[in-house]
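Residue-level structure breakdown
Each chain, letter by letter, is given below.
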Amino acid sequence: MLSHRQYKILHNNEIDNDKLFEFVKSKIIGNVLGTTSNSIGGRKTKFDLHEYDETYQFLDWIARITPMITDNFCMSRDEPEIQELVCSYNIRGHDQHGGGLHGFDPRCFELAEMWGVLYNKGHGVSEHNHFPYPLSFVYYVRTPDGAAPLILNDTELQMKEGDIVFFCGDLYHSVENNDCEGRCVLTGNICYIPPDDDKGVLSETESYPPIK
């Protein structure tokens, strides 16, 4: 069973998913390479969707919640399992020491690539992972009736439109037997770029920007 240190689910109801859906459709270039015994590869874009203005609002949200996500991934082993977080989560515990007790600065994660995948009926993707990226996410732009679940490390996650799941990049995942037209996701890989000096340390009067 997945632990709360391996994945996190959030929801956003402020993103214009209709516009994102049309944008992803306009950028489709071919099929994903991985197929399963029961499905053919979904339709994918290039890996550069983070470079377009159409994704700016979405990426701004990702930038604001990533420190919260990474901070929670290293929560104490004896903390109760948390699968859904709210954006009021307090990340101000690092006001003096950057990464604090966790030894990293939660602001030093950077998006390396982002792409879209459109799954119609009979589409899927075989089991794979995103190593060596430490952190990945899948955002659900559209999940019509019959949308296939995400299988993450043998755990079935039935996501809905506006949901996003963050997970460790080495976790195996797949999509099989999609039974609808227009299941659509945005997927991204995130790197950690450690600070090379003390610029990453907050002063006593600084704090992290609030999560909206």
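Preceding block: the structure.
Moving on to the packing of aromatic side chains. Applying the stated criterion across every chain, the model contains 8 aromatic pairs. An angle of 50° between the planes, with centres 4.8 Å apart, marks the rings of phenylalanine 58 and tyrosine 139 as tilted. Residue phenylalanine 58 is found in helix H2 (residues 56-73), and its partner tyrosine 139 is found in strand E7 (residues 135-142); the two are separated by 81 residues along the sequence. A centroid spacing of 6.1 Å and a plane angle of 70° characterise the contact between tryptophan 61 and tyrosine 139, whose relative ring orientation is edge-to-face. Of this pair, tryptophan 61 sits in helix H2 while tyrosine 139 sits in strand E7; the two residues are 78 residues apart in sequence, bridging distant segments of the chain. Through a chain of ring-to-ring contacts, the aromatic side chains of Phe58, Trp61, Phe137, Tyr139 and Phe166 assemble into a single cluster. The residue whose ring lies beneath arginine 142 is phenylalanine 21, and the NZ or CZ to ring-centre distance is 3.8 Å.

Strand order in the open sheet made by the 7 strands is E1-E10-E7-E12-E5-E4-E2, with antiparallel pairing throughout. Bordering the open sheet on either side are strand E1 (7-11) and strand E2 (30-31), each of which pairs with just one other strand. In this structure, strand E4 (residues 43-44) lies alongside strand E5 (residues 109-119), joined through 2 bridges in antiparallel fashion. Directly across from arginine 43, in E5, lies its bridge partner leucine 118. Strands in contact with helix H1 (residues 17-26) are E5, E7 and strand E12 (183-192); relative to E7, the strand with the most contacts, it is inclined by about 105°. Seen against the sheet, H2 touches E1, E5, E7, strand E10 (163-168) and E12 and runs at an angle of roughly 45° to E10.

Quick notes on the rules
The written sequence of each chain sets the order in which its residues are numbered from 1. Per-residue local features of the predicted model are confined to residues with pLDDT of at least 70, and side-chain atom pairs are confined, for both listing and counting, to 80 or more; whole-chain, interface and lining totals are unaffected and use all residues. Values shown for side chains rest on all heavy atoms present in the structure; no hydrogens or waters enter the calculation. Side-chain rings of Phe, Tyr and Trp, where Trp is taken by its six-membered ring, are said to pair if the distance between their centres is within 6.5 Å; with planes under 30 degrees apart they count as stacked, over 60 as edge-to-face, and otherwise as tilted. Labels follow the DSSP assignment, with helices taken as runs of H or I lasting at least four residues and strands as runs of E lasting at least two, numbered in each case from the N terminus. The rule for a charge over a ring is simple: NZ of Lys or CZ of Arg within 6 Å of the ring centre, and within 35 degrees of the ring normal. Pairing between strands is defined by DSSP: at least two bridges between them are needed. Throughout, a contact is declared for two residues whenever any of their heavy atoms are within 4.5 Å. Only the stretch in contact is used when fitting a helix axis, every axis being a line fitted to C-alpha atoms; angles between N-to-C directions are given from 0 to 180 degrees.

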